[in-house]
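Inside the fold
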Amino acid sequence: MEWCESPERLPGYSSLIAHDLVRYTFKIPLPPLLFDGQLHLLSVRELSTGRVCGGSQLTFQYTVKIVGEVIGLDGAAICGWGMDEKSPHEPLTVKLLEGDQEIAVAIANLPQSAKGNVGFRLPLTADFFDGRPHLFSVIAAPSGFLIGQTAVIVPFMITPWHALQKYAGDPLPAFLAPTAHFRYQALLAHLATLSQQVGLHKLAPGAVNDEDNLDSRLPISQIEQMMQLSQLHHQILHGFEKRKTLEPMKVPKVVNPRVSIIIPVHNKCAVTYNCLAALLFAHNQASFEIIIVDDGSTDETLELPELIPNVTYVRHESAQGFIRACNHGSQYVQGEFVVFLNNDTEVTVGWLDEMLFVFESFENVGLVGAKLLYPDGRLQEAGGIVWGTGDPWNYGRLGNPQDPKYNYTRQVDYLSGAAIMVRQEVWQQLGGFDEAYCPAYYEDTDLAFRVRSLGLKVVYAPFSQVIHFEGLSSGTSTASGIKRYQEINKPKFKSRWFNAYRWNGEVGKDVDLQKDRGIDRRALFIDSQVPCPDQDAGSYAAIQEMRLIQSLGFKVTFIAESCAYLGNYTKNLQKIGVEYLHAPFFSSVNEVLERRGREFDVIYITRYNVAEKYLKTVKMYAPQAKILFCNADLHFLRELRMAIAQGDDSLLKKAIQTREIELAIMRDVDVTLSYNETEHAVIQSHNLGQSCIAKCPWVVDVIPQVPSFEKRQDIAFLGGFGHPPNISAVKFFVQEVMPLLHRHLPDLRFLIYGSKVTAEIEALQSDTVIIKGFVQDVAEAYNSCRVFVAPLQIGAGIKGKVIDALAYGVPTVMTPIAAEGTGIRHGIEAMIVDEPQRWAEAVMELYSNQVRWQAMSTAAQTFAQVQFSFEVGRSLMRKALEMADIFVSEDMQSLSLNRCQI
């Protein structure tokens, strides 16, 4: 079911409730945007058919406007704020729910910081303290207006972690630490690395090969590493407050480190020791050296060189301040990249690798910074904003670090210097931190602006996560001590960079829009599924289309119908700069459109069945946006071909129904993008000029090293078997072509790669038909086979497997349907055949003739480079946008991934 709206009649409640005594009962909360004082007509439709349920048309008007936010779990209560904007001084009653269960009721009457909002605390009952995840909702009573939701794992106790560290006995319950998940991931990464090392050293000279005793087979270095891991974990678990003795730590000696980490310190040795323990415990692939700059310490810091060998130790006899300490330390770096790290931090697993990913994956990056967290897990900073007044703002302070708005790679105004990375050559070019800001404060903000003045980007890396014990080094008061330089240096910064920040917006206004820098426009992508590029070609295409739009100056936001968070599939999109919206922060596509529709310049919808559901809502809540529709393939054409091939009248009727829906959508959007010129002609012939059609780009990276003819064997197919054309293709090849091939090449094997293997495909297994199934890296298929085949009998759109084969330089035999829309020429870039006998002849020719094979391999890659490069795709996408009257600048400063695969 879903609700829809137009203004006519008036009911007096805030949820639609229907009762069918035979089959159904449902309750649909009304979207917050309907609580706007306007008159609305509501109806309930069956989602699959669009049929309006009888008696469901009701009008609604709500004159009370509620605003608020659910902040999260604080001790034993869910806290947040809420008020009626029209009657801000009237008490607001709020209720806490889990599902339909009412848990608590309270009055929002608590002071909420400087915002002037009224807060609430809704206590949980003991039943919820079970260590399990719960989704809580807070509503205003009596209206039922949803103020917000929060998903939390509720602990089984409420003693604060810092109190446990201080008062609980040893061993501490490590799993209760707010940052336990980071440490668990680090342990897993270390254990995986140690396991690989043990495997490599098992039979090394001097190693004992005792099959009954695993420990005796471990090389001494691995045993020492495992012992130190336990020591390091014990240190960071207990923290630095009670630390009285400091144990020696072994730091690996690195000859050519990739990264140089500079840690300026002044006294507080236990804090520095804890930082170093975390640095060694947090697993990273990147090699690094550690440079400690002791800025006039008088405590146990003087003992660190003996306790922690292989660390470069630089000493100032008297304190010179943070800036000079960093600049002096940078004279000793050997790495390509320099990291400045506060000593009052605990770094987490992968923090270095994630910052390096940004440098490696995007063009013209000069400075990268981490996400900063408080020790209790709350967000401290997700990049910084400098407003039009020149005042800096730590974006996201005290927010939920898991919120999608904090979890995508993006350009920012500045990054706090607690954990930043810069290329050494850029650092040298800039001459380090500007000593005009000595001894400290505003040097990091100034550095970001100077980096940008070189034409380089300043980027926030959300998955480089660093816990910052804020204030331990310099305190928190700006009235005294070194912190007072924060106020002294502010006018210096403002005067220097006025022209750079003057248009950055009004302080505190439109914060979630102002946080994005280096973009001109905004696009929302809507699809039926989360892109899983290792599972199907459509997912790969979806990601490339996001990249292309992104490269044209757009900030890209993505929502799937399921609103699912899918681990690395989600994270990989976020890492390339896509804002990925998911539950519980957003529960539906409609909710996204209602809450945020007005911010988008373009709505990009993939697949006709998705467009059918949401076009009306898009036009209602994003009337300013141009709608681009990617048909993925022409569904009715694929269904029609299948109906004809099978001689099935019922399939033919279904294809006609699909045709009417699909063509109507194409008449109702601004631009239809299609990969295939054949489909363009079909659409135009039906819609008679009523559809604006653009070529949808397909992009690939050409593989530089192609394994030679002699190093290859077998023939192969790759395709997801959730897609029926791939099933019929493989069956055709096994049943019709393989018997002909075996007359001349009896030992020739056919390898079948692909996800979602069906029973039909499994049944084809034999000595010469090998079902490989899902493959993590498609290179395994393309780089090992001598000939690739695409024997598609039905289908539409463009075939990603065919273009990938071109890019990998593997000669391919394919049907005309497989070649459709690619421009591939028979006998030059590939062999295009139809009849089984022609198939067998083409495969044998390429399989046996090395000269012919090499010529086609070279031609295929050249063709892929010319026709399917990213720049060609970018030009095509620009034309599609211009057809929708969306024009973009030639001088783009947006982030753009520099490779197709992620």
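The present account deals with the structure reproduced in this document. Everything numeric in this text was worked out from a predicted model, so none of it was measured. The written sequence of each chain sets the order in which its residues are numbered from 1. Totals for whole chains, interfaces and linings use all residues, but because this is a predicted model, local features are given only for residues with pLDDT of at least 70 and pairs of side-chain atoms are given and counted only at 80 or more. Remark: hydrogens and water are excluded; side-chain values derive from all non-hydrogen atoms of the structure.

Residue burial is assigned from relative accessible area. The probe radius is 1.4 Å, only protein chains are included, and a residue is buried under 20% of its type maximum, exposed over 50%, and partly exposed in between. Per the convention used, a helix needs a DSSP run of H or I reaching at least four residues, while a strand needs a run of E reaching at least two, with both numbered from the N terminus. With respect to burial, strand β4 (residues 40–45) is a largely interior element, 5 of its 6 residues being buried. Both β4 and strand β5 (residues 58–60) contribute to a ladder of 3 bridges, which runs antiparallel. The residue of β5 that forms the bridge with Leu42 is Leu58. By the convention used here, strands pair only if DSSP detects at least 2 bridges between them.

Lines fitted to the C-alpha atoms define the axes, with helices restricted to the stretch that makes contact. Angles between their N-to-C directions range from 0 to 180 degrees. At a minimum axis separation of 11 Å, helix α18 (residues 649–668) and helix α19 (residues 677–687) run at an interaxial angle of 85°. Put simply, α18 runs roughly perpendicular to α19. Contact with α18, carried on its side by Arg659, Leu663, Met666 and Arg667, involves Ile683, His686 and Asn687 of α19 and no other residues of that element. Classification convention: Asp, Glu, Lys, Arg as charged; Ala, Val, Leu, Ile, Met, Phe, Trp, Tyr, Cys, Pro as nonpolar; all other residues, Gly among them, as polar. Of the residues that constitute the contact of α18 with α19, the class distribution is 3 nonpolar, 2 polar and 2 charged. If an angle is under 35 degrees, it is roughly parallel; if it is over 145, roughly antiparallel; if it lies from 65 to 115, roughly perpendicular; otherwise it is oblique. Contacts are assigned to residue pairs that have any heavy atoms within 4.5 Å of one another.

Attention now goes to the packing of aromatic side chains. Aromatic contacts are taken between Phe, Tyr and Trp rings whose centres are within 6.5 Å, Trp giving its six-membered ring; a plane angle under 30 degrees counts as stacked, one over 60 as edge-to-face, and the others as tilted. Inspection of every chain in the model, using the stated rule, returns 26 aromatic pairs. Centre to centre, the rings of Phe498 and Tyr501 are 5.9 Å apart; their planes meet at 90°, and the pair counts as edge-to-face. Linking Phe498 with Tyr501, this pair stays in helix α11 (residues 498–501), spanning 3 residues, or about one helical turn. Overall, Tyr501 belongs to the buried group, its relative accessible area being 3%. Summarising the aromatic geometry, the rings of Phe558 and Tyr580 are spaced 5.6 Å apart at their centres and angled 45° between planes, so their arrangement reads as tilted. One end of the pair, Phe558, is in strand β27 (residues 554–560); the other, Tyr580, is in strand β28 (residues 579–581), with 22 residues separating them in the sequence.

Spatial ordering of the open sheet is given by β35-β34-β33-β36-β37-β38, a layout of 6 strands whose pairing is parallel. The outermost strands of the open sheet, each flanked by one partner alone, are β35 (769–773) and β38 (831–832). Inspection of the sheet shows strand β34 (residues 750–753) paired to β35 by 4 bridges, in the parallel sense. Along β35, the bridge assignment pairs Tyr753 with Gly773. The strands touched by helix α20 (residues 724–742) within the sheet are β33 (715–718), β34, β35 and β36 (787–790), with β33 carrying the most contacts at an inclination of about 170°.

Moving on, we come to unusual backbone geometry. Geometrically, the link from Ala141 to Pro142 is a cis peptide bond, its omega value of 5° lying close to zero. Here Cys438 and Pro439 are connected by a cis peptide whose omega angle stands at 5°. Position of Pro439 among the secondary structure elements: in the loop between α8 (424–430) and α9 (443–453). Even without a glycine there, the phi angle at Asn364 is positive, about 60°. Following the sequence through the fold, Asn364 ends up in the loop between α7 (351–361) and β19 (365–373). Residue classification places Asn364 among the partly exposed positions, given a relative accessible area of 45%. The phi angle at Asp714 is positive, at roughly 75°, despite the residue not being glycine. Inspection of the secondary structure puts Asp714 in the loop between β32 (693–695) and β33. On the basis of relative accessibility, which here comes to 7%, the residue Asp714 falls in the buried class.

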